[in-house]
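Breakdown of the fold
This is what each chain is made of:
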Amino acid sequence: MKKDTWKTAIKRVLRELAPNLPSGSSLFKFIIQMIVAILTAIATSLGGTACFVS
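Here goes a summary of the coordinates provided. As the structure is a prediction and not an experimental result, all values here were calculated from the model. (Residues numbered from 1 in each chain as written. Predicted model: local features only at pLDDT ≥ 70, side-chain atom pairs only at ≥ 80, totals over all residues. Heavy atoms only, no water.)

For helix α1 (residues 6-17), with 12 residues, the first-to-last C-alpha span of 16 Å sits near the 16 Å given by 1.5 Å per residue. Summarising burial for α1: zero of the 12 residues are buried, a small minority. (Helix = DSSP H or I, 4+ residues; strand = E, 2+ residues; numbered from the N terminus. Expected span 1.5 Å × (residues − 1). Buried < 20%, exposed > 50% of the residue type's maximum accessible area, 1.4 Å probe, protein only.)

The next thing to look at is a nonpolar patch on the surface. A cluster of nonpolar residues, Phe28, Phe30, Ile31, Met34, Ile35, Ile38, Leu39, Ile42 and Leu46, forms a patch on the protein surface that exposes about 870 Å² of accessible area. Along the chain, Leu46 falls in helix α2 (residues 25-53). A relative accessible area of 55% places Leu46 in the exposed class. (Patch = residues over 30% accessible without salt bridge, like charges linked within 9 Å, V, L, I, M, F, W, Y side chains within 5 Å. Areas by Shrake-Rupley, 256 points an atom, 1.4 Å probe, with all protein chains shown as cover. Salt bridge = Lys/Arg side-chain N within 4 Å of Asp/Glu carboxyl O.)

Okay, structure coming up:
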């Protein structure tokens, strides 16, 4: 059995757990979009909270 590097191990786990996820650069685009969406939601909720507090 060939020893896996951390990159191949991550790819293998992603294939097993979520086979429908896009691969390669589209996966990184998906991750970036999710991070931006989460940060936008946090900023929106903080902005709404600031309006109620003052």
